[in-house]
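Take a look at the letters that make up each chain.
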Amino acid sequence: MEKLRIQGGRPLHGHIPISGAKNASLPMLAAALLTAEPVRVSNVPRLRDVHTMLAVLQSLGASAAFCGDNEVLVRSNSINNLKAPYELVKTMRASFLVLGPLLARFQFVEVSLPGGCAIGTRPIDQHLKALSALGATIELKEGYVTAQIDGRLRGSLIDMDIATVTGTQNALMAATLADGESTIVNAAREPEIVALANMLIDMGADIKGAGTDVIHVAGKESLHGCTATLMPDRIEAGTFLIAGAATRGCITINGGCHDLLDAPIAKLRQSGAEVSFDGDYIQIDTHGKQPQAVDIRTATYPGIPTDLQAQFLALNCVARGTSRVTETIFENRFMHVPELARLGASIESDGTTATIRGVPQLHGANIMATDLRASSCLVIGGLVAEGETIVDRVYHLDRGYEHIEAKLTAVGADIHRFNEQ
Ligand code: EPZ
């Protein structure tokens, strides 16, 4: 099992490049199923989740692979299987994003139910509601969802009960090939939905309103190929900015996504850090001072993303004062709390809200990652803790952070990966 060894207590100083956005790449790669023509996506990070999505596309008969350092080419002109297997879907829930495109293009699809994960039950009822609204017949049998329709999907009102990110993406992709107009109400507004919509428009789709809670789609009979460039990963960017604040350092990141990080940057400024922009760059400078504790309440975009909750909680562990972190999106997203306590953090959690009393110092220990964003929070914990921290199960980290040791080493961290049975 791969682990990370971190000698903490060193402020981070220097420049960190931000990779392409994992949560934009997955729906955009799935969208390639909507056309028989080639789709190229550049700035794609080499992450476990991206490799899993490529494997899912290959299992359907598409050719899908990296054709350059960070460029992916997908050709869906030879789809010969409309069943996404449990073995792959269980390793990555986002595989469920093939549902909408396959149904829209082939009028039939069978996808394994994704099941829950560490952070929650992760239901998919809204995805199915959207496809039913477009005229599909949905059946749940033996752990699989089967969706089918005679002829094209039919444009319709899709009224989402919850603003679900991938639910909106499945609905949007399906509606692009439906017969007639569709309106998605209570759509999620995340930037990754805008990125998907822009790619679909480049493929010939007629979409208006992406990024708001009402999206209009005029269905087309077919879409053509395109070449897209992935937006920067705002969650990776936020993670490193928080790491700079927690270690009392000064780091610069580039990726041009500061306009997507208004809420997290406001919180970092509230913690006492100086955050400045220069074109494509964001700099955070703590001037070596201990951060001030900040209350956090996660929300859908443009609020504080749930994917930065754990990282902010780690910052509060070594901040001045007491803070409260409230998770409003997922029901079990505090598994990093007991691990941070092993480093000496003082945290009480009732499952929805954690109360953190900042301490001047954490101390290294053996800790274990439980999910993707918790793992980055534990790395931040190790970076600020005096002494040696060993983070176990770093395969979680590799799902969403490209070259994380190299990026952190370049700004002064003492962090190494090793294998231990
Ligand atoms: C996306 O997951 C992201 N994943 C998650 O990032 C992110 O945490 C989440 O959005 C929220 O921003 C990808 O984009 C691949 P949701 P998603 O559907 O779409 C409930 C990471 O760390 N819900 O917006 O699965 C659900 O239970 C990952 O990169 C239903 O009730 O999240 C949750 O409470 C983790 N029924 C809320 O909606 C449904 O049909 C939001 O979930 C769908 C969702």
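Higher on the page you've got the structure.
Just so we're clear, the structure is a prediction, and the values are computed from it rather than from any experiment.

Basis of the calculations
Residues numbered from 1 in each chain as written. Predicted model: local features only at pLDDT ≥ 70, side-chain atom pairs only at ≥ 80, totals over all residues. Heavy atoms only, no water. Helix = DSSP H or I, 4+ residues; strand = E, 2+ residues; numbered from the N terminus. Rg over C-alpha atoms; globule rule 2.2 N^0.38 Å. Buried < 20%, exposed > 50% of the residue type's maximum accessible area, 1.4 Å probe, protein only. Contact = heavy atoms within 4.5 Å. Lys, Arg positive; Asp, Glu negative; His and termini not counted. Charge placed at Lys NZ, Arg CZ, Asp CG, Glu CD. Near = heavy atom within 4 Å. Polar contact = N/O pair within 3.5 Å; in protein donor to acceptor, adjacent residues only side chain to side chain. Areas by Shrake-Rupley, 256 points an atom, 1.4 Å probe, with all protein chains shown as cover. Nonpolar A, V, L, I, M, F, W, Y, C, P; charged D, E, K, R; others polar. Pairing = 2+ DSSP bridges. Axes fitted to C-alpha atoms, helices over the stretch in contact; angles between N-to-C directions. Expected span 1.5 Å × (residues − 1). Arc of directions from axis to C-beta. Phe/Tyr/Trp six-rings, centres within 6.5 Å; stacked < 30°, edge-to-face > 60°. Lys NZ or Arg CZ within 6 Å of the ring centre and 35° of its normal. Salt bridge = Lys/Arg side-chain N within 4 Å of Asp/Glu carboxyl O.

**A closer look at the overall build of the protein chain**
Looking only at helices and strands, the protein chain features 13 helices and 24 strands. Radius of gyration (C-alpha) of the protein chain: 21 Å, near the 22 Å computed for a compact globule of 421 residues. The C-alpha extent of the protein chain, read off along each of the three principal axes, is 65 × 45 × 40 Å. Within the protein chain, buried positions represent 57% of all 421 residues. For the protein chain, contacts bridging at least 24 residues in sequence account for 73% of all contacts bridging at least 6. With 36 positive and 45 negative side-chain charges, the protein chain shows a separation of 2 Å between the mean positions of the two kinds.

**Here we look at the site of the ligand**
The environment of the ligand is formed by 21 residues, the closest being Gln126, Thr164, Thr166, Asp307 and Ile329. In this structure, an oxygen atom belonging to the ligand sits 3.0 Å away from a side-chain N or O atom of Arg122. Taking Thr166, its side chain carries an N or O atom lying 2.6 Å from an oxygen atom of the ligand. In the complex, the protein chains occlude 87% of the 820 Å² of accessible area that the ligand would expose alone. Elements represented by at least two residues in the shell around the ligand include exactly α1 (22-31), α5 (125-133), α6 (165-175) and α12 (372-384). Ranked by the residues each element gives to the shell around the ligand, the list is headed by α5, at 3 residues. Across the shell around the ligand, the residue classes tally to 8 nonpolar, 6 polar and 7 charged.

**Here we look at the sheet that holds strand β22 (residues 366-368)**
Spatially, 4 strands are ordered β22-β23-β1-β24 in an open sheet, and the strand pairing comes out mixed. Whereas interior strands pair on both sides, the edge strands pair on one side only; in this sheet they are β22 and β24 (414-419). Going across the sheet, the axis of each strand differs from the next one's by a mean of 25°, ignoring polarity. Direction of pairing for strand β1 (residues 2-8) relative to β24: antiparallel, over a ladder of 6 bridges. Counterpart to Ile6 in the pairing with β24 is Ile415. Contacts from α12 reach β1, β22, β23 (387-392) and β24 within the one sheet, and its direction differs from that of β1 by about 35°.

**Considerations on helix α8 (residues 234-246)**
Given a rise of 1.5 Å per residue, 13 residues ought to cover 18 Å, and the 18 Å separating the end C-alpha atoms of α8 matches this to within 8%. Counting buried residues along α8, 13 of its 13 residues qualify, which places the element largely inside the surrounding structure. The opening residue of α8, the one whose side-chain oxygen lies 2.9 Å from the backbone nitrogen of Ile235, is Asp233. Positive backbone phi, approximately 60°, marks Arg248, located one or two places after α8.

**Some points on helix α9 (residues 262-270)**
For α9, the complete set of buried residues consists of Pro264, Ile265, Lys267 and Leu268. For α9, the arc enclosing every buried residue in end-on projection is 155°, short of the 170-degree limit, so these residues lie on one face. On its buried side, α9 packs onto α8, β16 (274-278), β17 (281-285), β18 (296-297) and α10 (309-317).

**Here we look at the packing of aromatic side chains**
Aromatic ring pairs are defined here through the distance separating the ring centres and the angle between the ring planes. One pass over the full model with this rule turns up 0 aromatic pairs. The ring of Phe418 is capped by Arg5, whose NZ or CZ atom sits 4.2 Å from the centre of that ring. The positively charged end of Lys83 is found above the aromatic ring belonging to Tyr144, 4.4 Å away from the centroid.

**With respect to the pattern of salt bridges**
On inspection of all chains with the given rule, the structure shows 16 salt bridges. Glu388 is the partner of Arg5 in a salt bridge, and the nearest nitrogen-oxygen pair spans 3.3 Å. One end of the pair, Arg5, is in strand β1; the other, Glu388, is in strand β23, and 383 residues separate them in sequence. On the accessibility criterion, Arg5 (32% relative accessible area) is partly exposed. Arg152 serves as the salt-bridge partner of Glu221, at 4.0 Å between the closest nitrogen and oxygen. Note that Glu221 is positioned in the loop between β13 (214-218) and β14 (226-229) and Arg152 in the loop between β9 (144-148) and β10 (157-159), a separation of 69 residues in sequence. Among the residues examined, Glu221 registers a relative accessible area of 69% and is labelled exposed. Via salt bridges that share partners, Glu2, Asp398, Glu405 and Arg417 belong to a single interconnected network.

**Focus on the environment of Arg248**
Checked against the element boundaries, Arg248 lands in the loop between α8 and β15 (250-254). Classification of Arg248 by relative accessible area gives partly exposed; the value is 29%. Sequence spacing of Arg248 and His403 is 155 residues, and the spatial spacing of their C-alpha atoms is 22 Å.

**Comments concerning unusual backbone geometry**
For the bond running from Tyr301 to Pro302, omega is 10°, close enough to zero to count as cis. For Pro302, the position within the fold is in the loop between β18 and α10. Unlike most non-glycine residues, Glu142 shows phi in positive territory, near 50°. Positionally, Glu142 belongs in the loop between β8 (137-141) and β9. The phi angle at Asn186 is positive, at roughly 65°, despite the residue not being glycine. Relative accessible area serves as the criterion here: at 28%, Asn186 is assigned to the partly exposed category.

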